[in-house]
Amino acid sequence: MDSNKKPLRQPFVLGQTPPLNSPLFPNVAFTSKTPDQMDKVYETTISGSTYSREGHPNSSHLAKIINPMEHAKFGLIAGSGMGAISTSILGLLRKGDHLIANKLLYGGTLALFEKHLPRLGIEVSLISFDNMQNLADALRSNTKMIFTETVSNPTIRITDLENIIKIAKKNDIFLMVDNTFTTPIGCQPLTMGADIVIHSLTKILAGHSDAMLGYIGARDDMFFEPINDVLITMGMTPSPFDCWLTERGLLSFSLRYARSQENAKALATYLSTLNVIKKVHYPSLPSHPDYERCKKLFGKNTGTMLSFEIEGNRTTANQFFEAISPIRFVPTLGDISTTLSHPLSSSHRSLSPEKINEIGLSEGFFRVSLGVENFDFLQDCFSTAIKKVTS
Ligand SMILES: *Cc1c(COP(=O)(O)O)cnc(C)c1O
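No experiment lies behind these values; they were computed from the predicted model shown. (Residues numbered from 1 in each chain as written. Predicted model: local features only at pLDDT ≥ 70, side-chain atom pairs only at ≥ 80, totals over all residues. Heavy atoms only, no water.)

Let's talk about the pattern of salt bridges
Link 1 in the chain: The full count for this structure, using the stated rule, is 13 salt bridges.
Link 2 in the chain: Put simply, Arg-157 and Asp-290 hold a salt bridge, and the shortest N to O gap is 2.7 Å. With Arg-157 in the loop between β4 (143-149) and α6 (161-170) and Asp-290 in the loop between β8 (277-281) and α12 (291-298), this residue pair connects regions lying 133 residues apart in the sequence.
Link 3 in the chain: Overall, Arg-157 belongs to the partly exposed group, its relative accessible area being 28%.
Link 4 in the chain: For Lys-296, the salt bridge identified is with Glu-162, shortest N-O distance 2.8 Å. Residue Lys-296 is located in helix α12, and its partner Glu-162 is located in helix α6; the two are separated by 134 residues in the primary sequence.
Link 5 in the chain: Because the salt bridges share partners, they merge into one network encompassing Arg-157, Asp-160, Asp-290 and Arg-293. (Salt bridge = Lys/Arg side-chain N within 4 Å of Asp/Glu carboxyl O. Helix = DSSP H or I, 4+ residues; strand = E, 2+ residues; numbered from the N terminus. Buried < 20%, exposed > 50% of the residue type's maximum accessible area, 1.4 Å probe, protein only.)

Here's what the structure looks like:
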């Protein structure tokens, strides 16, 4: 045993010189002087933290940075984008409630809605949001929530948010919107009338593929208690380090977004001039089915994601990825560098052949998440690889 008669831990003092960067708090617990003081922290009459699963300075600081971007009354950080979605749904819905969701959704969200919510007694209707009559027809007396993404993956279709909001308001139903692809630069669903906005911070907002987190922002304080209680109790708490990395990533978010979007527009325009490209999915192109809606909802912010199609089978796809090797093939998006994904072998691999057909996927369908590189470099990479597999 140590014979040194001192406490093992010494209090940490920052002095009168606050650091430029936020400190990282990899702490499980925060000390209180007395039970009376701990009561006050729990009752929020004094500020502070207790046990990190119940909240910590890095997560509350990060939420404070994102809340004004989404015009949220309050925000919570969860351990992943899926954690944010699960937490808010489990906080607001109960057995016997009905959820209507756009059937074009992120794979993890689809799995939650198809496999797990029904198991818990929550009814789910996955329908096409192409037509608002479908949505009106799907309403039931127990419908509590509508869920959609602002932009669907991987066909980059823009959701008719204005009319969905009208239906939700008229029928007194919560509307939850996953704004991951669009980001608050493109649109702020809460200002349009949505109740909850969700982000996978893992993607464009953190931007460096080194942190995995989710955000839940809400229009009204009444959502705080039920959602926060599930977050704490079910242990969806974020890691302080991931919050700290995300805060750093956010410093360059608007610059990264602007440059990536410029690259996306230029690549979409370039690809649409090539005869060997069957289709380019990007809403700055007048050929895009939601061109007008995108202009109305997002203005010039057509985003940083595009997809395109070439003729070919799996061999063509393998050759394409080998030929474009400086651009990395990864099952994520929103990195500072340009990355590629292949929905049929990743995000959409478990879909039935009918669903694949219905969405319009094929082996030659590629999704691009644009980064901040010089556009000439990107154009060289794409033109070389496309030539290799189409000539
Ligand atoms: C990635 C993603 C999610 C899930 O986020 P994770 O951080 O991976 O849990 C949810 N929605 C969309 C649109 C996504 O792209």
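What follows picks up the thread again.
Thoughts on the sheet that holds strand β9 (residues 305-310)
Link 1 in the chain: In spatial order, the strands read β8-β9-β12-β11-β10; together these 5 strands make up an open sheet with mixed pairing. Where the open sheet ends on each side, the last strands, each with one partner, are β8 and β10 (328-329).
Link 2 in the chain: Strand direction decides the pairing type here: β9 and strand β12 (residues 365-369), joined by 5 bridges, are antiparallel. Looking at β12, one finds that Leu-306 is bridged to Val-368.
Link 3 in the chain: Where helix α15 (residues 375-390) meets the sheet, it contacts β8, β9, β11 (339-341) and β12, and its direction lies at approximately 20° from that of β9. (Pairing = 2+ DSSP bridges. Contact = heavy atoms within 4.5 Å. Axes fitted to C-alpha atoms, helices over the stretch in contact; angles between N-to-C directions.)

Digging into a nonpolar patch on the surface
Link 1 in the chain: Residues Val-28, Met-38, Tyr-42 and Tyr-51 make up a contiguous nonpolar surface patch of about 390 Å² in total accessible area.
Link 2 in the chain: On the basis of relative accessibility, which here comes to 47%, the residue Tyr-42 falls in the partly exposed class. (Patch = residues over 30% accessible without salt bridge, like charges linked within 9 Å, V, L, I, M, F, W, Y side chains within 5 Å. Areas by Shrake-Rupley, 256 points an atom, 1.4 Å probe, with all protein chains shown as cover.)

Description of the site of the ligand
Link 1 in the chain: Neighbouring the ligand are the residues Ser-80, Gly-81, Met-82, Tyr-106, Glu-149, Asp-178, Thr-180, Phe-181, Ser-200, Thr-202, Lys-203 and Leu-333.
Link 2 in the chain: A distance of 2.6 Å separates a nitrogen atom of the ligand from a polar side-chain atom of Asp-178.
Link 3 in the chain: Looking at the shell around the ligand residue by residue, the classes come out as 4 nonpolar, 5 polar and 3 charged. (Near = heavy atom within 4 Å. Polar contact = N/O pair within 3.5 Å; in protein donor to acceptor, adjacent residues only side chain to side chain. Nonpolar A, V, L, I, M, F, W, Y, C, P; charged D, E, K, R; others polar.)

Describing the pairing of strand β5 (residues 174-178)
Link 1 in the chain: Taken across its 5 residues, β5 has 4 buried, putting it largely inside the fold.
Link 2 in the chain: Pairing of β4 with β5 involves 5 bridges; the strand directions are parallel. Pairing of Thr-148 across the sheet is with Val-177, part of β5.
Link 3 in the chain: Crossover handedness for the path β4 to α6 to β5: right-handed.
Link 4 in the chain: Note: β5 against strand β6 (residues 196-200), 3 bridges, orientation parallel. (Right-handed = clockwise from strand over helix to strand, strands pointing away.)

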